[in-house]
Amino acid sequence: MSVGLFTLENADVKAVTAELDKAIGDRNTGPLAGILRIIPLERLNAFLIITPQPAYLDEAKKWVARLDQPGHGDGPRFYVYALQNTR
């Protein structure tokens, strides 16, 4: 068995869980039911993924990275300007 813990940097685990459910279907009766087990850990903002094959874990890592993108919303933005001739 291969196990991976993937922490999200930009997205919320609830939002990514909803998107993963749309992409792979129902976890219990879908085509990946015995192959891939995805456990969302809200307290850590991470996913625990369990699979019998290491190659499946690598593919799951790619999908989590694709879905963990910063949102383009109306939230606060930070800008940094380099100044010259200042103390």
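Residues numbered from 1 in each chain as written. Predicted model: local features only at pLDDT ≥ 70, side-chain atom pairs only at ≥ 80, totals over all residues. Heavy atoms only, no water.

Which residues make up the pairing of strand 1 (residues 2-7), and what values do they have?
Alternating positions in strand 1 separate cleanly, Ser 2, Gly 4 and Phe 6 being buried on one face and Val 3, Leu 5 and Thr 7 remaining unburied on the opposite face. Alignment of strand 1 against strand 3 (residues 46-51), held across six bridges, turns out to be antiparallel. Counted as the bridge partner of Leu 5 is Leu 48 from strand 3. (Buried < 20%, exposed > 50% of the residue type's maximum accessible area, 1.4 Å probe, protein only. Helix = DSSP H or I, 4+ residues; strand = E, 2+ residues; numbered from the N terminus. Pairing = 2+ DSSP bridges.)

Please give an account of the sheet that holds strand 1 that cites residues and values.
Strand order in the open sheet made by the three strands is 1-3-2, with antiparallel pairing throughout. Where the open sheet ends on each side, the last strands, each with one partner, are strand 1 and strand 2 (37-41). Averaged over neighbouring strand pairs, the angle between their axes works out to 15° when direction is ignored. (Axes fitted to C-alpha atoms, helices over the stretch in contact; angles between N-to-C directions.)

An account of the side chain of Asp 68 is needed here, citing residue identities and associated values.
As for its placement among the helices and strands, Asp 68 is situated in the segment after helix 2 (54-67). Salt bridges are absent for the buried Asp 68, whose nearest opposite-charge side chain, Lys 61, sits at 12 Å. Among the polar contacts listed, one links the side chain of Asp 68 to the backbone nitrogen of Asn 10, at a separation of 2.9 Å. Among residues more than four places away in sequence, those in contact with Asp 68 are Thr 7, Leu 8, Glu 9, Asn 10 and Ala 11. (Lys, Arg positive; Asp, Glu negative; His and termini not counted. Salt bridge = Lys/Arg side-chain N within 4 Å of Asp/Glu carboxyl O. Polar contact = N/O pair within 3.5 Å; in protein donor to acceptor, adjacent residues only side chain to side chain. Contact = heavy atoms within 4.5 Å.)

Any chance you could break down unusual backbone geometry for me, citing the residues and the numbers?
Although it is not a glycine, Asn 45 adopts a positive phi angle of roughly 55°. With respect to the helices and strands, Asn 45 occurs in the loop between strand 2 and strand 3.

Could you give me a rundown of helix 1 (residues 13-24), with the residues and numbers involved?
With twelve residues, helix 1 ought to run about 16 Å at 1.5 Å a step, and its terminal C-alpha atoms sit 16 Å apart, in line with that. Buried within helix 1 are the following residues: Val 13, Val 16, Thr 17 and Leu 20. Considered in projection along helix 1, the buried side chains sweep an arc of 105° and stay on one side of the axis. Residues Lys 14 and Lys 22 are exposed on helix 1 and point more than 90 degrees away from its buried face. Where helix 1 is buried, its residues touch strand 2, strand 3 and helix 2. Positive backbone phi, at 85°, marks Gly 25, one or two positions downstream of helix 1. (Expected span 1.5 Å × (residues − 1). Arc of directions from axis to C-beta.)

Which residues make up the environment of Leu 44, and what values go with them?
With respect to the helices, strands and loops of the structure, Leu 44 is situated in the loop between strand 2 and strand 3. For the pair formed by Leu 44 and Phe 6, sequence separation is 38 residues and the distance between their alpha carbons is 9.6 Å.

Explain the pairing of strand 2 to me, and be specific about the residues and the numbers.
Two strands pair when backbone bridges link them, and strand 2 and strand 3 are joined in this way by five bridges, in the antiparallel orientation. Along strand 3, the bridge assignment pairs Arg 37 with Ile 50. Turn length for the strand 2-strand 3 hairpin, with the two strands adjacent in sequence and antiparallel, is four residues, and the turn residue Asn 45 shows positive phi of about 55°.

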